[in-house]
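Architecture and fold: a report
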Amino acid sequence: YDVSRWVHTRDIVIDETEIPHSHPVLTLHARHLKDDDLLLSTFVHEQTHRMLDEHPTEHAAAVRALRKLYPRIPVGYPEGSDSAEVNYDHLIIIYIEYRADQRLMGELRARAVMEFLSHDHYRWLYRELLREPEKVGRVVKASGL
């Protein structure tokens, strides 16, 4: 896959014992070793965290707009992450992840990845993106991300 559009760091660690994360070093796991689509989606997801760091003004604008659209957002595993702030970040990230997946693997496979993730972790966030992707998409586009 040509993922160059979504690469924001080339410093990557693969660690089978770690939960994927973007900082301080982008770290991926081997949990989805037998599913290339899930591995690819996880790679894009973690890279997108880095992209938000590169665009702080646009990122802040998007979060402000999302707070208005979603004044009450689930906090805590498995529906969301550990804070509302991080959940707003994840709505942006998951939207970009979904659009990237569509370009890289096609609509059906991208949808299957999102469906799987909507039953795995950040469940509410992934379900919301599947239910109405353009709601978050309008915010992402308007903010310039």
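Residues numbered from 1 in each chain as written. Predicted model: local features only at pLDDT ≥ 70, side-chain atom pairs only at ≥ 80, totals over all residues. Heavy atoms only, no water.

**Section: helix H1 (residues 36–54)**
Spanning 19 residues, H1 covers 27 Å between terminal C-alpha atoms, matching the ideal 27 Å at 1.5 Å per step. Burial within H1 is extensive, with 15 of its 19 residues counted as buried. (Helix = DSSP H or I, 4+ residues; strand = E, 2+ residues; numbered from the N terminus. Expected span 1.5 Å × (residues − 1). Buried < 20%, exposed > 50% of the residue type's maximum accessible area, 1.4 Å probe, protein only.)

**Some thoughts on the environment of Arg109**
Along the chain, Arg109 falls in helix H4 (residues 107–117). Arg109 sits in the partly exposed class, given a relative accessible area of 36%. Residues Arg109 and Val139, spaced 30 residues apart in sequence, show a C-alpha to C-alpha distance of 25 Å. For Arg109, the residues in contact, after removing those within four places along its chain, are Tyr1 and Asp37. (Contact = heavy atoms within 4.5 Å.)

**Let's talk about the pattern of salt bridges**
Pairing is possible between side chains that carry opposite charge, provided their charged atoms lie close to one another. In total, this model carries 8 salt bridges according to the counting rule given. The closest approach of N and O atoms between Arg99 and Glu134, which form a salt bridge, is 2.4 Å. In this pair, Arg99 is assigned in helix H3 (residues 84–105) and Glu134 in helix H6 (residues 133–143), connecting sequence segments 35 residues apart. Overall, the relative accessible area of 24% leaves Arg99 in the partly exposed class. By relative accessible area, Glu134 is classed as partly exposed at 31%. Measuring nitrogen to oxygen at the nearest pair gives 2.8 Å for the salt bridge that ties Glu128 to Arg131. Residue Glu128 and its partner Arg131 are located together in helix H5 (residues 123–131), separated by 3 residues, close to a single helical turn. The class for Glu128 is buried, based on a relative accessible area of 6%. A single salt-bridge network, built from bridges that share partners, covers Arg99, Glu134 and Lys141. (Salt bridge = Lys/Arg side-chain N within 4 Å of Asp/Glu carboxyl O.)

**Quick word on the confidence of the model for the protein**
Across the protein, the average pLDDT comes to 92, with 97% of residues at 70 or higher. The secondary-structure element of the protein with the lowest mean pLDDT is strand S2 (residues 26–28), recorded at 72, while helix H2 (residues 56–69) shows the highest, at 98. (pLDDT = per-residue confidence, 0-100.)

**Some words on H2**
A rise of 1.5 Å per residue sets the reference length of H2, with its 14 residues, at 20 Å; its end C-alpha atoms lie 20 Å apart and thus fit the reference within 8%. Taken residue by residue, H2 has His59, Ala62, Val63 and Leu66 as its buried positions. Angular distribution of buried residues about the axis of H2 spans 100°; they occupy a single face of the element. In H2, those exposed residues whose orientation departs by more than 90 degrees from the buried face are Thr57, Arg64 and Lys68. Structurally, H2 contributes buried residues whose contacts are with H1, H3 and H6. (Arc of directions from axis to C-beta.)

**Some points on the packing of H3 against H5**
Viewed as axis vectors pointing N to C, H3 and H5 meet at an angle of 50°, and their least axial separation amounts to 10 Å. Taken together, the axes of H3 and H5 are oblique relative to one another. H5 is crossed by H3, and the crossing has right-handed handedness. Residues Asn87, His90, Leu91, Ile94, Tyr95, Glu97 and Tyr98 of H3 form the contact with H5, whose own contacting residues are Trp124, Leu125, Tyr126, Leu129 and Leu130. (Axes fitted to C-alpha atoms, helices over the stretch in contact; angles between N-to-C directions. Parallel < 35°, antiparallel > 145°, perpendicular 65-115°, else oblique. Left-handed = near helix turned anticlockwise from the far one by under 90°.)

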